[in-house]
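Spelled out from the first residue to the last, the chains are:
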Amino acid sequence: MMRDLHDHLKTRYRLGDLAERRANLAFVDVARADLRALLVELRDVHGFTHLSLLTAVDWIEEGRFQLTYLMNNRTANRSLGLRVFLDRADPVGDTIHDLWPTAATYQRELREMFGIAFPGSPRVDEEFILEGWTDMPPYRRDFDTLAYSQQTFSDREGRETHDPRAHMAKKLNPEGQR
Amino acid sequence: MIRFEPDRSQYPQPGDDGKLEIDLETGKYLKLWHGPNHPGITGNMSVELTLCGDEVVEGKVHVGYLHRGFEKLMERRTFIQVFPIVCRVCVPEPDFNEWCYAQAVEELAGIEAPEMAQWTRTLILEMGRFNSYMMAMGGIGGALGMGVIGQWMTYVRDLMLDRFEEMTGARIYHMFILPGGVRGHLPEGFAGRMEEVLATAERYLADVDKAMFTNAVFKARTKGVGVIDPALFEPYGVTGPNARAGGVAKDLRKDAPYLVYDQLDFEVVTETASDIWARAMVRRRDIDVSIALIRQILAKMPKDGPVMAKLPNVLHWKIPRGETYVAGESSRGEYGYYLVTDGSGYPRRVNVRGPSYTHAMALLEHLIPGTNIADVAALMVSLHTYPPEIER
Amino acid sequence: MGNLRDVLSPFTAWKHLIETPVTIRNPIGREAADGYRGFHQNDIEKCIGCGSCEVICQNAAIDMVPVSAPVDGDSGLRPKIDYGRCCWCALCVDVCMTGSLTMSNEYTWVDADPDAFRFIPGVDPKPWDDMEKGYRREGARVLTGAERVEMGELPPEARIDNFDEIVVGYTREQAMIEADRCVECGLCVATCPAHMDIPDYIAAIREGDYDLGLQILYETNPFSEVCGRVCTHKCETACAARHEGDPIAIRWLKRHIVDNVSEDRRLEIVGTPQALPTGRKVAIVGAGPAGLTAAYDLARQGHAVTVYEAQDKPGGMMRYGIPEYRLPYDALDRDIAVIAAQGVTIKTGVRIGREIAMDKLRGEFDAVVLSIGLHIGRSTRIPGTEGPGVEAAIDLLARITAGEEVPVPERVVVIGGGNVAMDIARSMARLQKRKHGAVGVTVTALEDFAHFLADREEIEESFDEGIEIVDARGPQEVVRYKSGKRKGAVKGLRTWAVTSIFDGQGRFAPQYDQGDERLHPADMVVEAIGQAADVSILGEDLTEALEWTRGRLAVDPAGRSSEPWLWAAGDAVHGPDVITAVADGHRVAASVGAMLMAMGEVAR
Ligand SMILES: Cc1cc2nc3c(=O)[nH]c(=O)nc-3n(C[C@H](O)[C@H](O)[C@H](O)COP(=O)(O)OP(=O)(O)OC[C@H]3O[C@@H](n4cnc5c(N)ncnc54)[C@H](O)[C@@H]3O)c2cc1C
Ligand code: SF4
Ligand code: SF4
């Protein structure tokens with residue numbers, strides 16, 4: 001079923017291979033320029049009227065962000081995840097709030113948490129979850145939560161642990177002999 | 001019956017750019033912070049209301065009071081270490097997180113939880129739904145000044161928490177559904193004690209029916225109030241009871257059966273009016289479905305059998321690169337986990353899709369303008385939202 | 001009228017006014033459910049301080065703190081929990097390797113001092129320590145694999161008439177699964193005589209990086225191929241996984257790494273000495289694992305090493321003792337080849353003390369290492385042992401290795417219950433099967449099966465091969481034919497049942513039930529009750545000059561004797577196995593090397 005749809009669509013859109021996860025769930029790469037038209041067709045022609053979620057994945061090693069648009073056809077019980085890749089150095093996405101008004105919230109969150117711009121999306125630059133945040137967008141992979149919490153909070157005094165192997169080596173074989 | 005007619009005032013008026021102009025300096029408007037500590041608010045969020053007289057002309061939702069960065073924390077924990085924190089995303093119905101996460105991990109790791117675990121998981125999810133609805137019932141009563149409903153429901157919820165406690169070892173954060181299965185079997189005599197709870201619940205619910213649903217005040221304040229046009233459902237990502245109250249007979253338990261729902265008998269509850277009353281009523285009737293399901297599950301589930309699949313050593317468990325989305329019908333609608341793995345011992349990304357994300361943000365902001373200030377609390381509560389799923 | 005009902009109906013709620021309140025008046029003291037996850041309990045005797053609980057805790061609530069002195073298989077550390085962090089998830093309980101850690105159902109505790117909520121369960125006494133109720137892991141440990149991947153073996157019928165290697169070795173998939181079970185606590189490292197980096201090389205298997213694995217092995221053991229097959233694997237007795245399951249097959253995993261790196265690749269990875277030649281010369285007497293390990297280390301330090309070996313081939317007991325079906329000769333040869341590639345000169349067929357005197361070595365070399373092993377078979381000296389038809393196990397084993405003709409009668413009785421007894425019994429069984437088509441070996445041991453010295457596998461495999469083992473029998477006499485054609489030949493072994501082996505003080509003093517006497521018919525009796533070192537090679541003067549303790553050459557912890565130029569290592573001074581000999585070799589090489597360095601400094 002998903003295959004048929006993929007075959008049908010790939011003649012007109014630049015799509016990657018279909019990654020089938022379950023009979024009713026698959027993921028596919030989409031060229032950014034084709035996203036909007038594809039979403040509209042999926043919604044209006046193929047019954048994928050429900051936007052389950054819109055989120056991002058940081059593939060920092062590959063220098064890109066993945067946007068995942070998880071589209072759902074509730075009547076046929078099928079979900080298709082569209083993956084759009086953005087240059088991590090200058091991440092700009094295309095707003096779809098006019099297709100799904102609720103997308104504005106997702107886009108606002110992505111702006112705040114990943115630093116992905118969505119020009120034209122309503123109130124996209126307003127603070128959403130964070131307040132007075134000045135550091136890098138915290139859901140990026142290079143934001144180090146541990147370092148942040150160590151800077152922000154102090155560790156409890158008097159805690160010390162021992163690695164069993166090192167502790168035994170020190171006690172039983174202090175000269176470090178093989 | 002006296003009805004509130006919105007747009008009585010000529011304010012605010014559109015400016016040159018067509019946008020409504022709200023100038024506080026004119027003295028025509030009043031800013032009112034509804035929450036984060038208002039009893040009519042569902043948890044720690046706030047709605048910044050702009051009033052003109054008793055009419056709300058604008059509402060902006062503010063969240064972040066409860067942000068703990070769960071999704072980020074999960075990226076810094078091994079697959080087993082994520083298990084204890086997921087439940088904390090949602091206090092009233094934590095088990096959905098446990099199941100979605102476990103199921104997603106199992107899918108990407110190629111593991112299947114044994115049958116016994118599937119039944120137990122279903123039981124837990126229905127118990128969780130029941131409890132979540134208890135809070136919803138109490139909430140809607142409370143928002144309309146009927147505190148006693150909240151007290152009754154809290155009592156019944158507490159009885160269910162006792163069952164959770166004996167089954168899982170904890171009352172609120174059960175941490176019982178872990179990747180691979182569940183942690184144990186039901187204690188001896190569990191079904192009998194559960195039956196007592198359900199019977200008590202039914203007694204109290206009958207009282208709720210009399211005191212709340214057969215109540216002129218309640219009817220007056222909920223019927224025809226807070227109507228959501230079903231045409232908004234898909235653009236605004238409305239799912240679950242909120243959509244079912246508008247005649248949409250969609251329920252993932254039925255449409256995309258997970259766990260053992262395909263082996264259970266139940267109907268999808270719907271109403272048509274799509275107002276506060278209908279949303280409350282759908283929940284009220286869905287409680288009966290949950291009660292029936294709990295009874296069914298306890299009667300049908302296997303008496304014994306393994307509860308855990310064979311797991312690799314969780315201390316260095318790596319999962320190949322992949323992504324999946326696991327969702328189910330929570331008490332508030334579609335609840336899902338989007339899990340991305342990269343071959344390492346840690347999730348690359350976990351995204352929690354809570355129904356409140358759409359219901360309490362874009363939808364609520366869309367519904368608020370034109371309501372009477374006195375109805376805002378009931379409107380909000382009728383959407384049955386839990387802020388932590390918005391900000392995770 | 002519907003509307004009137006809507007007005008009246010709510011008043012039914014008033015009936016609750018006369019109901020008994022449902023609130024619990026005093027919630028403090030309310031007992032939690034039986035399986036509640038409350039404050040932790042730890043059975044301190046059972047806990048081994050492996051730290052798995054600390055590793056799994058996602059809240060970093062656990063510190064491992066010293067509570068007692070470390071011993072084999074127990075780090076002496078115990079978990080200390082910070083309840084400011086604990087989220088009561090009980091993953092620590094689920095992962096606990098011994099089942100020592102549990103939770104009580106106590107959850108109410110008030111204290112003004114926040115530090116009170118940080119304590120060592122089971123060590124810092126708490127009222128709930130002995131509570132029966134609370135969270136217990138249901139069933140077996142499932143978060144880390146409990147069962148060992150079974151090792152493939154040649155079936156008895158395929159192996160009994162030959163000396164082919166019995167153990168097949170793990171496939172990659174099997175090794176991966178077995179390696180996955182390791183929890184990396186590292187308790188085993190202290191127990192391994194050579195302190196091999198066990199968790200690290202097991203991790204290399206999980207990563208599929210055999211080159212790295214081999215490199216790690218060579219850092220501590222140049223006999224990894226041998227040890228991967230025949231090591232006594234004491235590490236496995238210290239393994240955390242053994243408490244509620246099988247210990248990790250550490251030995252087989254070691255072998256698996258070596259099996260997956262070709263001989264050429266091994267030479268590439270290990271390389272040749274990087275140090276510049278020092279011009280110092282070391283003589284090593286005896287090419288067993290002790291001598292060759294010392295040679296390997298010293299050669300890599302840049303010293304010129306000559307090993308003298310009495311036998312025709314190097315390897316010592318690894319070649320001339322351990323039978324081929326457990327350790328094929330080519331496996332041993334591959335280990336030795338890497339050592340020889342370090343520029344070590346091995347002169348075989350040279351018996352020091354006979355061909356070359358110790359004095360001469362002393363004159364020609366800067367240091368001498370004595371690693372001559374134990375090559376004289378001990379005798380029970382019971383009546384009848386003098387004369388033909390009574391053999392020492394190690395002599396027979398050596399002759400079998402050398403390819404010499406050995407007597408193979410139809411019925412053989414072995415005296416001894418250790419691994420050497422099993423080795424000779426099983427070797428003789430193979431020769432019998434070949435020559436006579438049937439096995440006729442009886443092993444008589446002093447110990448009963450419950451206290452047997454030989455490994456369980458050895459006993460089981462011997463049974464499978466048709467060998468008879470009779471336990472708790474004390475040898476009294478080798479009975480010989482008194483007359484007839486076979487006069488003087490061995491007729492059998494007369495034994496008494498053993499009632500106890502040690503006296504109250506733990507001294508060896510076997511007691512017998514003389515009424516329970518048996519004659520085990522035999523044409524040949526083999527004694528396998530222990531070996532001694534041939535120290536006669538030292539010569540009278542040196543023997544006189546050296547210090548001894550209970551018949552053994554006295555050495556300091558570094559292996560140095562009372563003569564500053566002479567070190568001793570291996571079975572001759574320590575024993576009992578290859579890995580101890582390897583450890584000894586390292587120790588002696590470090591000491592010799594330090595001495596040579598000091599000499600170098602003085603010379604410069
Ligand atoms: C039958 C048997 C089975 C065994 N099985 C195992 C086992 O499965 N696992 C295990 O770990 N251990 C086993 N052992 C023990 C193990 O083989 C020894 O502990 C180990 O080989 C000792 O090493 P070594 O270097 O001290 O001495 P050896 O290996 O005994 O080597 C000493 C060498 O010195 C040579 N030598 C002696 N005198 C002179 C001289 N005067 N001049 C020149 N050379 C001389 C000898 O010929 C010999 O080659 C077994 C032993 C025996 C006898
Ligand atoms: S119960 Fe959970 S949080 Fe508490 S110490 Fe154990 S592993 Fe850590
Ligand atoms: S896991 Fe168990 S045995 Fe290991 S240190 Fe912790 S409490 Fe002790």
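Conventions adopted
Residues numbered from 1 in each chain as written. Chains lettered and ligands numbered in written order. Predicted model: local features only at pLDDT ≥ 70, side-chain atom pairs only at ≥ 80, totals over all residues. Heavy atoms only, no water. Contact = heavy atoms within 4.5 Å. Buried area = accessible area lost by both parts, 1.4 Å probe. Salt bridge = Lys/Arg side-chain N within 4 Å of Asp/Glu carboxyl O. Helix = DSSP H or I, 4+ residues; strand = E, 2+ residues; numbered from the N terminus. Nonpolar A, V, L, I, M, F, W, Y, C, P; charged D, E, K, R; others polar. Near = heavy atom within 4 Å. Polar contact = N/O pair within 3.5 Å; in protein donor to acceptor, adjacent residues only side chain to side chain. Areas by Shrake-Rupley, 256 points an atom, 1.4 Å probe, with all protein chains shown as cover. Domains from an automatic or database assignment. Pairing = 2+ DSSP bridges. Axes fitted to C-alpha atoms, helices over the stretch in contact; angles between N-to-C directions.

Peer 1: Help me understand the interface of chain C and chain A, please; the structure alone is not making it clear to me.
Peer 2: A common way to report how large an interface is uses the accessible area buried once the components associate. Taken together, the contact pairs 38 residues of chain C with 17 residues of chain A. Between chain C and chain A lies a buried interface of about 2,100 Å² when both sides are counted; carbon and sulfur atoms form 48% of it. Applying the counting rule to chain C against chain A returns six salt bridges. Between Asp-200 of chain C and Arg-165 of chain A there is a salt bridge; the shortest N-O distance is 3.1 Å. Contributions of two or more residues to the side of chain C that touches chain A are made by β2 (62-66), β3 (77-82), α6 (187-191), α7 (198-206) and α20 (578-603) of chain C. The leading source of residues in the side of chain C that touches chain A is β2 of chain C, at five residues. Split into classes, the residues belonging to the side of chain C that touches chain A amount to 19 nonpolar, nine polar and 10 charged.

Peer 1: Quick question: what am I supposed to make of the site of ligand 1 here?
Peer 2: Residues and elements named next belong to chain C. Surrounding ligand 1, one finds 35 residues, the nearest of these being Val-230, Glu-309, Arg-326, His-375 and Asp-571. His-375 has a polar side-chain atom sitting 2.7 Å from an oxygen atom of ligand 1. The contact in question runs from an oxygen atom of ligand 1 to an N or O atom on the backbone of Pro-576, over 3.2 Å. Coverage of ligand 1 by the protein chains reaches 95% of its 980 Å² of free accessible surface. Within the residue set of the shell around ligand 1, elements represented by two or more residues are α12 (289-300), β7 (304-309), α16 (393-402), α17 (419-436) and α20. Looking at the shell around ligand 1, its residues break down into 19 nonpolar, 10 polar and six charged. In this structure, the shell around ligand 1 is formed jointly by two domains, domain 3 (281-374 + 547-599) and domain 4 (377-531), each of which donates at least three residues.

Peer 1: Would you mind showing me how to read the sheet that holds strand β9 (residues 333-341) of chain B here?
Peer 2: In a beta sheet, neighbouring strands pair by backbone hydrogen bonds and run either parallel or antiparallel. Residues and elements named next belong to chain B. Taken together, three strands build an open sheet; the order of strands is β8-β9-β10 and the sheet is antiparallel. Sheet topology places β8 (322-330) and β10 (347-353) at the edges, where each strand pairs with a single neighbour. The mean angle between the axes of side-by-side strands here comes to 10 degrees, regardless of whether they run parallel or antiparallel. As paired elements, β9 and β10 share six bridges and run antiparallel to each other. The partner of Val-340 across the bridge, within β10, is Arg-349. Across the sheet, helix α3 (residues 95-109) touches β8, β9 and β10, and the angle it forms with β8 is around 150 degrees.

Peer 1: What's the story with the site of ligand 3 in this structure? I'm lost.
Peer 2: With respect to spatial proximity, 15 residues lie near ligand 3, and among them Cys-47, Cys-50, Cys-53, Cys-96 and Thr-98 of chain C are the closest. Here the shell around ligand 3 is composed, by residue class, of nine nonpolar, six polar and no charged.

Peer 1: How should I be thinking about the domain arrangement of chain C in this particular structure?
Peer 2: All names here are of chain C. By domain assignment, chain C separates into domain 1 (27-143), domain 2 (156-269), domain 3 (281-374 + 547-599) and domain 4 (377-531). Using only C-alpha atoms to locate each centre, domain 2 and domain 3 end up separated by 25 Å. Contacts between the two partners involve 25 residues from domain 2, matched on the other side by 28 residues from domain 3. Summed over both partners, the interface of domain 2 with domain 3 buries about 2,300 Å², with 70% contributed by carbon and sulfur atoms. Broken down residue by residue, the surface that domain 2 buries against domain 3 is led by Pro-222, Phe-223 and Val-230, which jointly contribute 26%. Our enumeration of links across domain 2 and domain 3 arrives at two salt bridges. Put simply, Asp-577 and Lys-234 hold a salt bridge, and the shortest N to O gap is 2.9 Å. Our enumeration of links across domain 2 and domain 3 arrives at eight residue pairs in polar contact (both at pLDDT 80 or more). Mapped by element, the contributors of at least two residues to the side of domain 2 that touches domain 3 are α8 (210-220), α9 (224-230) and α11 (263-270). With six residues, α9 is the largest single contributor of residues to the side of domain 2 that touches domain 3. The residue inventory of the side of domain 2 that touches domain 3, partitioned by class, reads 14 nonpolar, four polar and seven charged.

Peer 1: In this structure, what is going on with the side chain of Ser-52 of chain A? I would like to understand it.
Peer 2: Residue position: Ser-52 of chain A is located in strand β3 (residues 50-59). For Ser-52 of chain A, the contacting residues outside a window of four places in its chain are Leu-70, Asn-72 and Tyr-106 of chain A together with Tyr-325, Glu-334 and Arg-353 of chain B.

Peer 1: What is the right way to read the interface of chain B and chain A from this model?
Peer 2: Counting from both sides, the interface comprises 45 residues of chain B and, opposite them, 45 residues of chain A. Together, the buried faces of chain B and chain A total about 4,000 Å²; carbon and sulfur atoms form 48% of this surface. Across the pair Glu-62 of chain A and Arg-321 of chain B runs a salt bridge whose closest N-O atoms are separated by 3.0 Å. Taken together, the links from chain B to chain A amount to 28 residue pairs in polar contact (both at pLDDT 80 or more). Among the elements of the structure, α1 (70-75), α3, α9 (252-255), β8, β9, β10, α11 (356-367) and α13 (388-391) of chain B are those that each provide at least two residues to the side of chain B that touches chain A.

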